[in-house]
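Residue strings, one per chain:
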Amino acid sequence: MSTPDPQPESSSPDKTSLRDAATVLVLRRDLPAGPAVLMGMRGAGAAFMPSKYVFPGGALDAADAAVPLARPLPASDAARLALEAPAGIGPALAVAAIRELWEETGLILGTPGAWDGPVPEDWQGFAATGHRPSAAGLRFVFRAITPPGRPRRFDARFFLVDVAEIASDPDDFSRACDELSHLHWVALTEARALALPFITEVVLAEVQARLAFDTAEPGSIPFFDNRGPRATFARLGCSQPPMRFRS
């Protein structure tokens with residue numbers, strides 16, 4: 001039997017190129033220490049943000065666009081996700097968020113129901129629980145692009161979801177993969193004592209401000225943009241010019 005020729009090096013994905021990604025902040029308000037979010041620690045050998053506490057999330061897969069949602073994103077969030085982004089990317093980002101939450105924590109964001117047609121390989125464990133993915137509880141709260149020169153670069157959209165939307169035991173992480181360790185609920189007042197990436201601190205501050213003002217439907221979404229030679233901080237859905245920072 002002949003051995004297939006190796007793939008040319010150019011066919012390998014460029015992991016330093018900018019990739020769309022989705023991240024989920026699961027908010028819990030029934031703990032003695034007050035509002036908390038679910039976080040875990042990346043491994044020391046990880047290429048991106050090693051040994052840092054982060055929210056569940058990861059890159060958009062090509063197959064995410066083909067996964068049907070039992071319930072769609074709220075219209076206002078879908079509209080904001082479409083700003084300065086490829087057409088129709090919103091539902092795929094929601095699917096990626098739900099998939100990453102399932103893979104990294106074992107928590108189910110979905111509604112009971114059987115899948116129509118074949119179940120994609122990445123979703124077979126999720127489907128076996130008797131659920132279909134639902135984006136109705138996701139709220140788009142932040143967007144950030146990783147600066148140039150990093151070993152991994154992402155155009156990340158951060159979603160907030162209340163723990164009441166989770167269809168499984170919020171303390172059961174037994175079905176999680178091993179990508180994140182030390183999964184636990186972290187009080188918002190204590191989160192900054194952890195080893196956090198800079199952007200995670202910024203997103204936490206935004207969520208805390210949102211809770212303080214009870215802003216369920218903000219007029220715009222913060223956007224930390226590192227696509228150009230200088231970082232800019234803008235708001236999606238706002239007509240004001242972006243603030244620029246020295247890189």
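From a predicted model like this one, the values you see are computed outputs, not experimental measurements.

## Focus on the side chain of Ser220
Item 1. Mapped onto the secondary structure, Ser220 falls in the loop between helix 4 (198–212) and strand 10 (221–225).
Item 2. The buried category is assigned to Ser220, whose relative accessible area is 10%.
Item 3. Polar side-chain contacts of Ser220 include one of 2.7 Å to the side chain of Arg235.

## Quick notes on unusual backbone geometry
Item 1. Phi at Glu84 takes a positive value of approximately 50 degrees, unusual for a residue other than glycine.
Item 2. Within the secondary structure, Glu84 is located in the loop between helix 1 (75–81) and helix 2 (89–105).
Item 3. Backbone geometry places His182, a non-glycine residue, at a positive phi of 55 degrees.
Item 4. Examined against the element boundaries, His182 turns out to sit in strand 9 (residues 180–187).

## Quick word on the packing of aromatic side chains
Item 1. In total, this model carries seven aromatic pairs according to the counting rule given.
Item 2. Judged by centre distance (5.7 Å) and plane angle (80 degrees), the ring pair of Trp102 and Phe126 falls under edge-to-face. Separated by 24 residues along the polypeptide, Trp102 in helix 2 and Phe126 in helix 3 (residues 124–128) bring together distant segments of the chain.
Item 3. Of the residues examined, Trp102 reaches a relative accessible area of 10% and is grouped as buried.

The rules behind the values
Within each chain, residue numbers correspond to sequence positions counted from 1 in written order. Owing to the predicted nature of the model, reporting of local features is limited to residues with pLDDT of at least 70; listing and counting of side-chain atom pairs is limited to 80 or more, with chain, interface and lining totals taken over all residues. The side-chain figures draw on all heavy atoms in the structure; neither hydrogens nor water molecules are used. Numbering of helices and strands runs from the N terminus; a helix is a DSSP stretch of H or I covering at least four residues, while a strand is a stretch of E covering at least two. Throughout, exposure labels follow a simple rule: accessible area from a 1.4 Å probe, protein chains only, divided by the maximum for the residue type, with under 20% read as buried, over 50% as exposed, and the rest as partly exposed. Polar contacts here mean pairs of N or O atoms no more than 3.5 Å apart (in protein, one a potential hydrogen donor and the other a potential acceptor; neighbouring residues in sequence count only if both atoms are side-chain atoms). Aromatic rings from Phe, Tyr and Trp, with only the six-membered ring used for Trp, were paired whenever their centres fell within 6.5 Å, and each pair was classed as stacked if the ring planes differed by under 30 degrees, edge-to-face if by over 60, and tilted otherwise.

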